[in-house]
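Okay, here's what each chain looks like letter by letter:
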Amino acid sequence: MHIISDIAIFGAYFAIPVVLLYFLLQRKDLPFPKIIWLFAAFILFCGFGHLIEAGIFWWPVYRFSGLIKACTAIVSWITVLVLIRLIPEAAEIDSLEKAILLMGPHSIGELAILYGARRALLECNLPWLNPELLWKRSLAASKAVRIIERTQFADSDGSAFLCALLHPIGRIVLATLFPDEHHELTKHCLETGESLDLAEEASFGLSYGQVGARFFSTWRIPATTRLPLENVTRTFEELISLPDHTRKQIEIVKLALLLSRTAMGLWESSDSVDVPHKAILNKFNMPSIQRMLCLIREACDFEVTIHQLQSASGTDQPSQPMTVPIEYHSAAGTSSDLLFPLLASVGLQINDQRLELAHCDLVDGASLGGEQLRHFIDSQNAPNPSGIIRNKRDASLFKPGSTICLPTTVQKIRAFFAM
């Protein structure tokens, strides 16, 4: 038993460094190649130690065995010392690189996709698009997908992850094929507050998601994987008619985009804003919204600065919250209260406590309607409330010009409260 076990261990210990060194010779760009050589030597010496232990039953080469053990000890300690010396150098890796390496699961295929996506987004030469922002939005959304999928306790086919990571590709394709038209369209949306998603679809006949899906079809990516991307610009209400499994994949991607941008403040003025009903969030068995946002922030190993969010067209994201204090009347009993952090993430000064200073009373009507919303307004004792609503008919419950209807855009939300 001892002899067979030692020989089997030697076989494995011999094969591991061979595979490691083969991989190292195939990939000349791997970081820290010396440590791989040291690990290969360390494992190989350990294997020879077991081989000698197997043969020592017939050949009592105890001195040679001691020599091999001494060599193993020396190589082991050299490896430890080199690792200690590499720690400061490894810690200085760019934060985005660390974010890639920390992405799970740690499969070579997934890391290759991440590397390719980052190059495609950061190297696009389109002055009116912000490549750094595109990459960070994609990375944050893909991590949000992983967090949402972990709450499902089921295996994922990777469709939602891939779509969240690569969702801006369609916009880059449109901007590359029609640079002048897309540049003017982007400027128009920034000036008018219209949704760039809808403007692209109206101008080019396809949404950026549909363009991206068709682009990926040339890579022979299955249609089921492309489906969430094709529907990413549709509202949550428009998805109701789809089959359950199909709708769930699309909702995961849309929810990941919304939560990641809310958590990290990765908004652009022309972004569409749509908030799902509480029933959609309950379906995913997610923890509280605040907990989800914290998990996304912890997973994203980068910081968002105002300089990085500055668009190439010269329009800045607000560096400070808007000075008009807004008292937020939560409908948390019937909603997830996602609206509160979302409004704060686009630059509004939101408070959920009673304020003594002059302020705007904002009623959360995103998950209420009709008589329910009327009763909720009456229960808040707000003299002249404003409201965020889903159904335009509910605007009659407020004074004219005091409502904003979802879906809308970031710029329209800011303009509404700046009045």
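Residues numbered from 1 in each chain as written. Predicted model: local features only at pLDDT ≥ 70, side-chain atom pairs only at ≥ 80, totals over all residues. Heavy atoms only, no water.

Moving on, we get to the overall build of the chain. Helix and strand counts for the chain stand at 19 helices and seven strands. Buried residues in the chain amount to 47% of all 419 residues. Within the chain, contacts between residues at least 6 apart in sequence are counted, and of these 68% link residues at least 24 apart. Working note: accessible area of the chain is about 21,800 Å², and carbon and sulfur atoms make up 61% of it. (Helix = DSSP H or I, 4+ residues; strand = E, 2+ residues; numbered from the N terminus. Buried < 20%, exposed > 50% of the residue type's maximum accessible area, 1.4 Å probe, protein only. Contact = heavy atoms within 4.5 Å. Areas by Shrake-Rupley, 256 points an atom, 1.4 Å probe, with all protein chains shown as cover.)

A word on helix α15 (residues 289–299). All buried positions along α15 are accounted for by I289, M292, L293 and I296. Viewed along the axis of α15, the buried residues span an arc of 95 degrees, placing them on a single side of the element. Each element contacted by the buried residues of α15 is listed here: α6 (131–150), α13 (244–264), α14 (278–283) and α17 (339–345). (Arc of directions from axis to C-beta.)

This brings us to the packing of aromatic side chains. The description of an aromatic ring pair uses the distance of the two centres, along with the angle that the planes make with each other. Here the structure, examined in full by the defined rule, presents four aromatic pairs. Judged by centre distance (5.2 Å) and plane angle (20 degrees), the rings of F178 and F204 are stacked. Of this pair, F178 sits in the loop between α8 (169–177) and α9 (179–192) while F204 sits in helix α10 (residues 196–204), placing them 26 residues apart in sequence. Against the face of F161 rests R146, its NZ or CZ located 4.2 Å from the ring centre. It is R171 that lies over the ring of Y208; its NZ or CZ is 4.6 Å from the centre. (Phe/Tyr/Trp six-rings, centres within 6.5 Å; stacked < 30°, edge-to-face > 60°. Lys NZ or Arg CZ within 6 Å of the ring centre and 35° of its normal.)

A few words on the pattern of salt bridges. One pass over the structure, following the stated rule, counts 12 salt bridges. Between R247 and D244 there is a salt bridge, with the nearest N and O atoms lying 2.9 Å from each other. Note that R247 and D244 are positioned in helix α13 at a spacing of three residues, about one turn of the helix. Under the relative-accessibility criterion, R247 is labelled buried at 14%. For K283, the salt bridge goes to E251, with nearest N and O atoms at 2.5 Å. Within this pair, whereas K283 is found in helix α14, its partner E251 is found in helix α13, the two being separated by 32 residues in sequence. Take E251: its relative accessible area is 2%, and that puts it in the buried class. (Salt bridge = Lys/Arg side-chain N within 4 Å of Asp/Glu carboxyl O.)

Chain-level pLDDT for the chain is 77 on average; 77% of the residues reach the 70-or-more range. Confidence drops under a pLDDT of 50 for residues 92–109, and excluding neighbours within four residues, the segment shows 32 contacts in the predicted structure. Here residues 305–320 is a poorly scored stretch, pLDDT under 50, and it has 30 contacts once near neighbours within four places are set aside; other chains count. (pLDDT = per-residue confidence, 0-100.)

Moving on, we come to the environment of A382. Note that A382 resides in the loop between α18 (370–380) and β5 (386–389). Distance in space between the C-alpha atoms of A382 and E327 is 9.7 Å, their sequence separation being 55 residues. Residues within four places of A382 in sequence aside, it is in contact with H329 and D361.

Attention shifts here to a nonpolar patch on the surface. On the surface, a nonpolar cluster with roughly 710 Å² of combined accessible area is contributed by F57, W58, W59, V61, F64 and L67. As for its placement among the helices and strands, F64 is situated in helix α3 (residues 62–91). (Patch = residues over 30% accessible without salt bridge, like charges linked within 9 Å, V, L, I, M, F, W, Y side chains within 5 Å.)

This part takes up the side chain of T262. Among the secondary structure elements, T262 is positioned in helix α13. Classification of T262 as buried rests on a relative accessible area of 4%. There is a polar contact of 2.8 Å between the side chain of T262 and the backbone oxygen of L258. Sequence-distant contacts of T262, defined by excluding residues within four places in its chain, comprise W267, L293, P341, L342 and S345. (Polar contact = N/O pair within 3.5 Å; in protein donor to acceptor, adjacent residues only side chain to side chain.)

A word on the sheet that holds strand β3 (residues 350–351). Reading across from one edge, β3-β2-β4-β5-β6 is the order of the five strands in this open sheet, with parallel pairing throughout. Of all the strands in the sheet, the pair left with one neighbour each is β3 and β6 (403–405). Pairing geometry for β5 and β6, over three bridges, is parallel. Bridge pairing in β6 links I388 to I404. Against the sheet, α18 touches β2 (326–329), β4 (360–365) and β5, its axis set at about 150 degrees to β4. Here helix α19 (residues 410–418) sits on the sheet and contacts β2, β4, β5 and β6; the angle it forms with β6, its principal contact strand, is near 175 degrees. (Pairing = 2+ DSSP bridges. Axes fitted to C-alpha atoms, helices over the stretch in contact; angles between N-to-C directions.)

Before going further, it helps to spend a moment on the pairing of β4. Burial within β4 is extensive, with six of its six residues counted as buried. A two-sided burial pattern is seen for β4, the buried positions comprising C360, L362 and D364 on one face and D361, V363 and G365 on the other. With four bridges connecting them, β2 and β4 associate as parallel partners. Bridge pairing in β4 places I326 opposite C360.

Glancing now at the nonpolar core. Formed by 68 residues in total, the largest nonpolar core has its most connected members in I148, L259, M286, L343, L348, I413 and F417. Residues contacting L343, with those up to four places away along its chain left out, are L348, I350, L362, I388 and I413. Among the nonpolar cores identified, the runner-up in size contains nine residues, and L368, L373, F376 and I377 belong to it. (Core = buried A, V, L, I, M, F, W, Y, C linked by side-chain atoms within 4.5 Å.)

Burial of helix α7 (residues 159–166) is extensive: eight of the eight residues sit out of reach of the surface. Regarding α7, the residues found buried are S159, A160, F161, L162, C163, A164, L165 and L166.

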